[in-house]
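# Survey of secondary and tertiary structure
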Amino acid sequence: MTESATALKIARAARRLLDAEGADAVTMRRVAKAVGITPMALYRHYKDREGLLNALADEGFEELAARLNGATVSGGVDERLGQLGDVYLDHALEHPRLFELMFLKPRPGARRYPEDFRAGLSPTANPAAAVICEGMESGYFRPGDAWEITFEVGALIQGLILLYLGGRMSFSAEEFRAFYQRALRRYVDGIRS
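Described in the following lines is the structure provided in the data block. (Residues numbered from 1 in each chain as written. Predicted model: local features only at pLDDT ≥ 70, side-chain atom pairs only at ≥ 80, totals over all residues. Heavy atoms only, no water.)

Another aspect to go through is the overall build of the chain. Broken down by element type, the chain carries ten helices and zero strands. Ordered by position from the N terminus, the helices and strands of the chain form the series α-α-α-α-α-α-α-α-α-α. A principal-axis box enclosing the C-alpha atoms of the chain has dimensions of 60 × 40 × 25 Å. The 193 residues of the chain split such that 40% are buried. In the chain, once contacts between residues fewer than 6 apart in sequence are set aside, the share between residues at least 24 apart is 63%. (Helix = DSSP H or I, 4+ residues; strand = E, 2+ residues; numbered from the N terminus. Buried < 20%, exposed > 50% of the residue type's maximum accessible area, 1.4 Å probe, protein only. Contact = heavy atoms within 4.5 Å.)

Here the focus is the nonpolar core. If you look at the biggest cluster of nonpolar residues, it comprises 54 residues, and the most contacted ones within it are Val26 and Val31. Looking at this core, the element that brings in the most residues is helix H9 (residues 146–165), giving eight residues. Beyond its immediate stretch of four places on either side in the chain, Val26 contacts Ala14, Leu17, Leu18, Val31, Arg49, Leu52, Leu53 and Leu56. (Core = buried A, V, L, I, M, F, W, Y, C linked by side-chain atoms within 4.5 Å.)

Scanning the entire structure with this criterion turns up twelve salt bridges. Glu21 serves as the salt-bridge partner of Arg30, at 2.7 Å between the closest nitrogen and oxygen. The class for Arg30 is partly exposed, based on a relative accessible area of 36%. When its relative accessible area of 43% is taken as the criterion, Glu21 is described as partly exposed. A salt bridge links Asp58 to Arg107; its shortest N-O distance comes to 3.2 Å. In this pair, Asp58 sits in helix H4 (residues 49–70) while Arg107 sits in the loop between helix H6 (96–103) and helix H7 (115–118), placing the two residues 49 residues apart along the sequence. What makes Asp58 partly exposed here is its relative accessible area of 36%. A relative accessible area of 16% places Arg107 in the buried class. Several salt bridges share partner residues, and in doing so they unite Arg15, Asp19, Glu59 and Glu63 into one network. (Salt bridge = Lys/Arg side-chain N within 4 Å of Asp/Glu carboxyl O.)

Backbone torsion omega between Tyr113 and Pro114 reads 5°, so that peptide bond is classified as cis. Residue placement: Pro114 occurs in the loop between H6 and H7.

This brings us to H4. Look at H4: 31 Å from first C-alpha to last across 22 residues, which is about the 32 Å you get at 1.5 Å a residue. When H4 is considered as a whole, its buried residues turn out to be Leu52, Leu53, Asn54, Leu56, Ala57, Gly60, Phe61, Leu64, Ala65 and Leu68. Between the side-chain oxygen of the N-cap and the backbone nitrogen of Glu50 there are 3.3 Å, and the N-cap of H4 in question is Asp48. (Expected span 1.5 Å × (residues − 1). Polar contact = N/O pair within 3.5 Å; in protein donor to acceptor, adjacent residues only side chain to side chain.)

Moving on, we come to the environment of Asp189. Counting through the fold element by element, Asp189 comes out in helix H10 (residues 173–191). When its relative accessible area of 40% is taken as the criterion, Asp189 is described as partly exposed. For Asp189, the side chain forms a polar contact with the side chain of Arg192, separated by 2.5 Å.

So, on to the layout of surface pockets. Empty space within the largest pocket amounts to approximately 600 Å³. Listed by contribution, the elements that provide at least two residues to the lining of the largest pocket are helix H5 (77–94), H6 and H9. Per-element tally for the lining of the largest pocket: the top contributor is H9, with eight residues. For the lining of the largest pocket, the class distribution of residues is 17 nonpolar, seven polar and four charged. A volume near 190 Å³ is recorded for the second largest pocket. (1 Å grid on protein atoms, 1.4 Å probe; cavity = no way out; pocket = protein on both sides within 12 Å on 5 of 7 lines; lining within 4 Å. Points joined across faces, edges and corners; volume = space filled by probe spheres on them. Nonpolar A, V, L, I, M, F, W, Y, C, P; charged D, E, K, R; others polar.)

Attention now moves to H10. Its 19 residues place the ends of H10 28 Å apart at the C-alpha level, agreeing with the 27 Å of an ideal helix rising 1.5 Å per residue. All of the buried residues in H10 are Phe176, Tyr180, Ala183, Leu184, Val188 and Ile191. On an axial view of H10, the arc spanned by its buried residues comes to 135°, and they lie on one face. Every exposed residue of H10 that faces more than 90 degrees away from the buried side is listed here: Glu174 and Arg186. Contact partners of the buried residues in H10: H5 and H9. (Arc of directions from axis to C-beta.)

What follows is the structure, given as structure tokens:
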């Protein structure tokens, strides 16, 4: 098994464990067993469990960013924000445990507000920020700090999603989607000129 083939097998095995059982299930021993190598061999590829979980979270952010950047969004500013919000929701519902790892678990190297966001280092926030900036420049939204608003919108959608994933809502997936879209529309209505 080559180094790159082993690293790929490790990443795939860790992701399967994460998707099936959550971050607590991703242990070096369980991943090693799934790959068919010794636990010590994992340390050639990942410094420790935290490094492996960070790599999984980074992969999740890359997937979400690719989806956001590849999404066909059209219509007015509020419609495009809603469509971007739906991309977040789709990603979360398809990969709930990955989404929790990405947005809920503390981890070193995670982007921090405001400095990383204002520097354009958040590929998952940048598309919404661009739409919000456009809305302000066109007069559709009241003047304000576009990055604060982007972060607030992110907090709203991530918070609702995590509450739903955590079983704090008794909605079906369809009911939750409708509630989520209404909440986002209410927020957007509140910042319009």
